[in-house]
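Understanding the architecture of this molecule
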Amino acid sequence: MLARENIDRLMGLNGNVRTTEGDKVGSIGTFYTDDDTGEPTWVTVKTGLFGSSESFIPLEGATVDGDDVLVPYSKDHIKDAPRVAEDGHLDPGEESRLYNHYGIQDNYGAGRPDDYSTRGTAGNIDATRTDTTRTDATGTARTGDDAMTRSEERLNVGTEKATTGRARLRKYITTENVSTTIPVQREEVRLEREPITDANVGSAMSGPDLTEDEHEVTLHEERPVVEKETVPVERVRLEKDTVTDDVRVDEEVRKEHIETEGTGENRRL
């Protein structure tokens, strides 16, 4: 069983309850201490959707591992524990049901409905007052009254944002062949013969009678010239759109019912 100094240290550390096999049961809820000795006897663990339910676990055989409490019970065994209203105290009947579930001998005297006054495992406790007291996060003990609290599980459904993928823009370069046709011009030599006529005879006979001579003509042609330039063609960006889908959630919830007996009219609430 954990000592009082362990409880004082664990208060407000956001620790978890784990099984000795290492399974996480849930986060630590509340410690309950014995009225006479002040020693911790029970711890609640938050289970269910979003920690909406709390289960009681006896601290007998429990140990401390860092900020966590290790208990010698399986996760399913803890979650199947009887539902007890987490109202600041445990009465003998509630403790008896919990002890039976965890297989721990209940030391309240059987067959003494009105006159039991002691309990062997937790010291002497007056049966006319609260047997086990809740210690909240501030270390203050709180006790309850004789009313029975009826509780029920309610489904609190929320959403959380999770990363499903990533999109990015990446530029890379490819090479392709581009073919086009352009007209080009070139000069060619053409031989022209001009007969001697009265109009050109003077020019033809103006030189010496016989000579050696040559005449040169320069030829030209056009050739393709290729130049490349980089021009912007478009801008591309990534935008996100939010799409809403309806997702069906199915979960079982439990309710406590109270039956009245011996009141002249048996009723179930």
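Relevant structure appears above.
Residues numbered from 1 in each chain as written. Predicted model: local features only at pLDDT ≥ 70, side-chain atom pairs only at ≥ 80, totals over all residues. Heavy atoms only, no water.

Turning to the overall build of the protein, a few remarks are in order. Tallying secondary structure elements over the protein gives 4 helices and 9 strands in all. Traced from its N-terminal end to its C-terminal end, the protein shows the element sequence α-β-β-β-β-β-β-α-β-α-β-β-α. Counting only carbon and sulfur atoms, one obtains 45% of the accessible surface of the protein, whose full area is about 21600 Å². (Helix = DSSP H or I, 4+ residues; strand = E, 2+ residues; numbered from the N terminus. Areas by Shrake-Rupley, 256 points an atom, 1.4 Å probe, with all protein chains shown as cover.)

Attention now moves to a negative patch on the surface. Side chains of Glu21, Asp23, Asp76 and Asp80 sit close together on the surface and give a patch of like negative charge. If you trace the backbone, Glu21 turns up in the loop between β1 (16–19) and β2 (24–34). Glu21 sits in the exposed class, given a relative accessible area of 62%. (Patch = residues over 30% accessible without salt bridge, like charges linked within 9 Å, V, L, I, M, F, W, Y side chains within 5 Å. Salt bridge = Lys/Arg side-chain N within 4 Å of Asp/Glu carboxyl O. Lys, Arg positive; Asp, Glu negative; His and termini not counted. Charge placed at Lys NZ, Arg CZ, Asp CG, Glu CD. Buried < 20%, exposed > 50% of the residue type's maximum accessible area, 1.4 Å probe, protein only.)

Looking now at a nonpolar patch on the surface. Taken together, the side chains of Leu155, Val157, Val247, Val249 and Val253 make up a nonpolar region of the molecular surface, amounting to roughly 420 Å² of accessible area. Assignment of secondary structure puts Val157 in the loop between β9 (141–142) and α4 (201–204).

The next thing to look at is the packing of aromatic side chains. Within the structure shown, the criterion is met by 4 aromatic pairs. Ring centres of Trp42 and Tyr99 lie 5.1 Å apart, and the angle between their planes is 50 degrees; on these two criteria the pair is classed as tilted. Highlighted residues: Trp42 in strand β3 (residues 40–47) and Tyr99 in helix α3 (residues 92–101), separated in sequence by 57 residues. (Phe/Tyr/Trp six-rings, centres within 6.5 Å; stacked < 30°, edge-to-face > 60°.)

On to the pairing of β2, then. Across the 11 residues of β2, 8 count as buried, placing the element largely inside the fold. Counting the residues in the hairpin turn of β1 and β2 gives 4 residues, including Gly22, whose phi is positive at 100 degrees. Bridge count between β2 and β3: 5 bridges; the pairing is antiparallel. The residue of β3 that forms the bridge with Ser27 is Lys46. Connecting the antiparallel pair β2 and β3 is a turn made up of 5 residues, with Gly38 showing a positive phi of about 75 degrees. (Pairing = 2+ DSSP bridges.)

By the secondary structure assignment, Asp68 is in strand β6 (residues 68–71). Among the polar contacts made by the side chain of Asp68, one reaches the side chain of Arg18 at a distance of 2.9 Å. Setting aside residues up to four positions removed in sequence, Asp68 forms contacts with Gly15, Asn16, Arg18 and Thr63. (Polar contact = N/O pair within 3.5 Å; in protein donor to acceptor, adjacent residues only side chain to side chain. Contact = heavy atoms within 4.5 Å.)

What follows is about the pattern of salt bridges. Side chains carrying opposite charge are able to pair once their charged atoms draw close together. Under the counting rule described, the total for this entry stands at 8 salt bridges. For Glu152, the salt bridge identified is with Arg154, shortest N-O distance 3.1 Å. On the accessibility criterion, Arg154 (59% relative accessible area) is exposed. Notably, a salt bridge pairs Arg254 with Glu153, separated by 3.3 Å at the nearest N-O pair. Taken together, the positions of Arg254 in the segment after α4 and Glu153 in the loop between β9 and α4 put the pair 101 residues apart, joining distant regions of the chain. Linked through salt bridges whose partners overlap, the residues forming this network are Arg18, Asp65 and Asp68.

One can find Glu187 in the loop between β9 and α4. A relative accessible area of 41% means that Glu187 is categorised as partly exposed. Taking the C-alpha atoms as reference, Glu187 lies 8.8 Å from Thr218; in sequence the two are 31 residues apart. The residues contacting Glu187, other than those within four sequence positions of it, are Thr218, Leu219 and His220.

With that settled, consider the nonpolar core. In this structure, Phe31, Ile57, Val69, Val71 and Ile78 are the most contacted members of the largest nonpolar core, which totals 26 residues. Taken together, the elements giving at least two residues each to this core come down to α1 (4–10), β2, β3, β4 (53–58), β6 and α3. Considering every element that reaches this core, the biggest residue donor is β2, with 4 residues. (Core = buried A, V, L, I, M, F, W, Y, C linked by side-chain atoms within 4.5 Å.)

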